[in-house]
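# A closer look at the structure
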Amino acid sequence: MKYLLTHQETERLIFRKLENSDFDHWLSLFEDEHTAKMLGMETFKTPKERCEKWFEATFHRYENNLGGQNVLLSKENNQLIGQSGLLVREVENNFELEIAYSILPQFRGKGFAIEASRKCRDFAFENNFHDRLVSIIIPENESSKKVALKNGMIFKKQISYSGNNMDLFQIYKQEWETRSHV
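Turning our attention to the pairing of strand E5 (residues 132-137). Within E5, six of the six residues are buried, which leaves it mostly tucked inside the rest of the structure. The alternating pattern of E5 places Arg 132, Val 134 and Ile 136 on one face and Leu 133, Ser 135 and Ile 137 on the opposite face, and all of these are buried. As defined by bridge partners, strand E4 (residues 94-103) adjoins E5 across two bridges and the pair is classed as parallel. Across the sheet, residue Leu 97 finds its bridge partner in E5, namely Leu 133. Between E4 and its parallel partner E5, the chain crosses via helix H4 (residues 112-126), and the hand of that crossover is right-handed. As paired elements, E5 and strand E7 (residues 164-172) share six bridges and run antiparallel to each other.

This brings us to the nonpolar core. Judged by nonpolar contacts, the single largest core of 46 residues is most densely connected at Trp 26, Leu 86 and Leu 133. With eight residues, the top contributor of residues to this core is H4. With residues near it in sequence (within four places) discarded, Leu 133 still touches Leu 97, Ile 99, Arg 121, Ala 124, Phe 125, Met 153, Phe 169, Gln 170 and Ile 171. Counting nine residues, the second-largest nonpolar core is a separate cluster that includes Val 91, Ile 136, Ile 159 and Met 166.

What follows concerns helix H5 (residues 142-150). Listed as buried for H5 are Ser 144, Lys 145, Val 147 and Ala 148. Projected down its long axis, H5 shows its buried positions confined to an angular sector of 160°, all on one face. Looking at H5, the residues exposed on the side facing more than 90 degrees away from the buried face are Ser 143, Lys 146 and Lys 150. Residues of H5 that are buried make contact with E4, H4, E5 and E7. Gly 152 occupies a position one or two residues after H5 and carries a positive phi of about 85°.

Rules behind the numbers
Residues numbered from 1 in each chain as written. Predicted model: local features only at pLDDT ≥ 70, side-chain atom pairs only at ≥ 80, totals over all residues. Heavy atoms only, no water. Buried < 20%, exposed > 50% of the residue type's maximum accessible area, 1.4 Å probe, protein only. Helix = DSSP H or I, 4+ residues; strand = E, 2+ residues; numbered from the N terminus. Pairing = 2+ DSSP bridges. Right-handed = clockwise from strand over helix to strand, strands pointing away. Core = buried A, V, L, I, M, F, W, Y, C linked by side-chain atoms within 4.5 Å. Contact = heavy atoms within 4.5 Å. Arc of directions from axis to C-beta.

Limitation: the analysis is restricted to geometry and does not speak to function.
Right, dumping it as structure tokens:
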């Protein structure tokens, strides 16, 4: 499980693996149709079905060393805030590591996605996992684009990914090293 941030921490967050017992907490994420669309889960009809598919995909990643999102817990009260992590992806026939993040609706706008995504970026580069990190974002998802930009990424181009037009943001390790020493 090379790419997981299990037991990592930030100022306000603790990372741990997703567990079956998290299902009811995570279900609320998929009750919102807009969020389901932004996460590519709109083809599944019910929040329960979306959540089941999300858990299935996450556990598949864990079991096959494809990274995966870790649960984000608040250090203050141990509440589940969202998920974030590194995902192994194939983009235009190349191996990529994607920084992914999903924050539960009641915790949005508080900087948790930025805090978690920066930890993912630093963890990946400090461990020499790859020389470039990406975020693949649905073009209408302005909030996620802002997080990517605040994480030091730049918009590279629009790509076709899983049959959809997506915006590809990126940051190279060399850029990160230069910025982190300024």
